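Spelled out from the first residue to the last, the chains are:
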Amino acid sequence: AVFSSGVSLNGCLEPVGDLKQKITCAQRQGIKVFMMAEANRMEHEKIAIKKAGLELHYFEKLEDVLRQLGLIKKMAANKSVAGKKATRLKTKKKTQ
């Protein structure tokens, strides 16, 4: 699998240029899965690329890419735990 995108500080995926060249190079190397920013979908649809044997996936957040690759599990549970800890800290400060 290949991932090609810029990543902002908040985890949003940014579009990249030279998409036709990147996809062509991936195909030459025998890559079967190509992942990119959702913002690149329009550019990809405009250019004519032979997509035989290539899966294309579009994502908006880096978290979604990592989950697709199996590198992280659902983060919703972790976020809610972090939120509860923050609430507890605020509550303790108010009572003191």
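Residues numbered from 1 in each chain as written. Predicted model: local features only at pLDDT ≥ 70, side-chain atom pairs only at ≥ 80, totals over all residues. Heavy atoms only, no water.

Q: Whenever I open this one, the pattern of salt bridges confuses me. Can you help?
A: Pairing is possible between side chains of opposite charge, provided their charged atoms come close. In total, this model carries 3 salt bridges according to the counting rule given. Measuring nitrogen to oxygen at the nearest pair gives 2.8 Å for the salt bridge that ties Arg-41 to Glu-38. Between Glu-63 and Arg-67 there is a salt bridge, and its shortest N-O distance comes to 2.6 Å. With Glu-63 and Arg-67 both in helix 3 (residues 62–68) and 4 residues apart, the pair spans about one turn of that helix. Among the charged side chains, a network of salt bridges with common partners joins Glu-63, Asp-64 and Arg-67. (Salt bridge = Lys/Arg side-chain N within 4 Å of Asp/Glu carboxyl O. Helix = DSSP H or I, 4+ residues; strand = E, 2+ residues; numbered from the N terminus.)

Q: For this particular structure, what's the right way to read unusual backbone geometry?
A: For residues other than glycine, phi is negative in most cases, and the peptide bonds are mostly trans. A positive phi angle is found at Asp-18, which is not glycine, with a value near 55°. Within the fold, Asp-18 resides in the loop between strand 3 (13–14) and helix 1 (19–28).

Q: Explain the environment of Ser-5 to me, please; I cannot follow it from the model alone.
A: Tracing the chain through its elements places Ser-5 in the loop between strand 1 (2–4) and strand 2 (6–7). Sequence-wise, Ser-5 and Met-35 are 30 residues apart; in three dimensions their C-alpha atoms are separated by 8.3 Å. Not counting residues up to four positions away in its chain, the partners in contact with Ser-5 are Leu-13, Glu-14, Val-16 and Ala-37. A polar atom in the side chain of Ser-5 sits 2.7 Å from the backbone oxygen of Glu-14. (Contact = heavy atoms within 4.5 Å. Polar contact = N/O pair within 3.5 Å; in protein donor to acceptor, adjacent residues only side chain to side chain.)

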